[in-house]
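So the chains spell out like this:
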Amino acid sequence: MHRDLESMRPALVRFAALQLRNDSLAEDVVQDTLIAVLEKPERFAGASSLRTYVTGILKHKIIDVLRTSRREVPIETDADQSDAEVIDALFKPDGHTVDMPRQWGDPDATLEQKDFFRVLEICLERLPAKTARIFMMREWLGLETEEICKELSISTSNAWVMLYRARVQLRECLDLNWFGKRA
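How each quantity is defined
The numbering scheme is per chain: residues are counted from 1 as the chain's sequence reads. Given that this is a predicted model, residues contribute local features only at a pLDDT of at least 70 and side-chain atom pairs are listed and counted only at 80 or more, while totals for whole chains, interfaces and linings are drawn from all residues. Working from all heavy atoms in the structure, the side-chain values ignore hydrogens and water. Cysteine sulfur atoms are paired as a disulfide whenever they fall within 2.5 Å. The helix count covers DSSP runs of H or I at least four residues long, the strand count covers runs of E at least two residues long, and both are numbered beginning at the N terminus. Buried means the residue's accessible area, taken with a 1.4 Å probe over protein chains only, is under 20% of the maximum for its type, while exposed means over 50%, and partly exposed covers the values in between. With axes taken as lines fitted to C-alpha atoms, and helix axes fitted only over the stretch in contact, angles between N-to-C directions fall between 0 and 180 degrees. Crossing handedness is defined as follows: a turn of the near helix away from the far one that is anticlockwise and smaller than a right angle gives a left-handed crossing, while the clockwise case is right-handed. Contacts: residue pairs with any heavy atoms within 4.5 Å of one another. Among buried residues, the Ala, Val, Leu, Ile, Met, Phe, Trp, Tyr and Cys ones that are joined through side-chain atoms within 4.5 Å form a nonpolar core.

*Asks:* What is the right way to look at the state of the cysteines in this model?
*Replies:* The bond known as a disulfide is covalent and runs between the sulfur atoms of two cysteines. What the rule picks out here adds up to 1 disulfide. Between the sulfur atoms of Cys 123 and its disulfide partner Cys 173 the distance amounts to 2.1 Å. The sign of the S-S torsion, about -80°, decides the handedness of the disulfide formed by Cys 123 and Cys 173: left-handed. In this pair, Cys 123 sits in helix 5 (residues 107-126) while Cys 173 sits in helix 8 (residues 156-179), placing the two residues 50 residues apart along the sequence. Overall, Cys 173 belongs to the buried group, its relative accessible area being 12%.

*Asks:* Sorry, what's going on with the packing of helix 6 (residues 129-139) against helix 7 (residues 145-152) here?
*Replies:* When two helices pack together, their arrangement is given by the angle between their axes and by how far apart the axes lie. Remark: helix 6 packs on helix 7, axes separated minimally by 10 Å, with the N-to-C direction vectors making an angle of 145°. The element helix 6 and its partner helix 7 pack so that their crossing is right-handed. On helix 7, the residues touching Lys 130, Arg 133, Ile 134, Met 137 and Arg 138 of helix 6 are Thr 145, Ile 148, Glu 151 and Leu 152.

*Asks:* Could you clarify how one ought to interpret the nonpolar core in this entry?
*Replies:* Soluble, globular proteins show a tendency: their nonpolar side chains are buried together. The biggest cluster of nonpolar side chains holds 18 residues, and the ones touching the most others in it are Leu 5, Leu 12, Val 30, Val 54 and Leu 58. Counting residues per element, the ones that place at least two in this core are helix 1 (2-20), helix 2 (23-39) and helix 3 (50-71). The contacts of Val 30, once residues within four sequence positions are left out, are Arg 9, Leu 12, Val 13, Ala 16 and Leu 58. Listed in part, the 12 residues of the second largest apolar core include Val 119, Leu 127, Ala 132 and Ala 166.

As structure tokens, then:
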């Protein structure tokens, strides 16, 4: 397993760097991913290829970093400023912040989006297992058709037919269970 992970590392770093646009952050995320795999090798059940498994973990690590970076705003400092001076500059003498916090968005829209993804998940569960798996491999994990075909031992034409059927069935399910409730 160690050699396989070692050979995957350059591709994982390229993928992470493309997503994060920061080479050192990409290296850190890949390192965290590899550590997660090595610390608990028993979690890899062999239901998919090792590459698919590791890529899935990497995607979750990247998503975590992107979410964290949106919440954190780095404080820019001058070389001659102390930490206390930087923090003091963020507040007025009366204790209020100099800059107002940004808008948090529309909580109702966020809740509605979460509800949509719950309905989508239910629709995915209603698909035949292999159809749902190929759809998720293609649309969520972003795997190429060739990789999917190799992983599932199916032909390219079979993969495209299954993807078409998955999309049609998901559209029907969402029309009925999500969009239909608003009509």
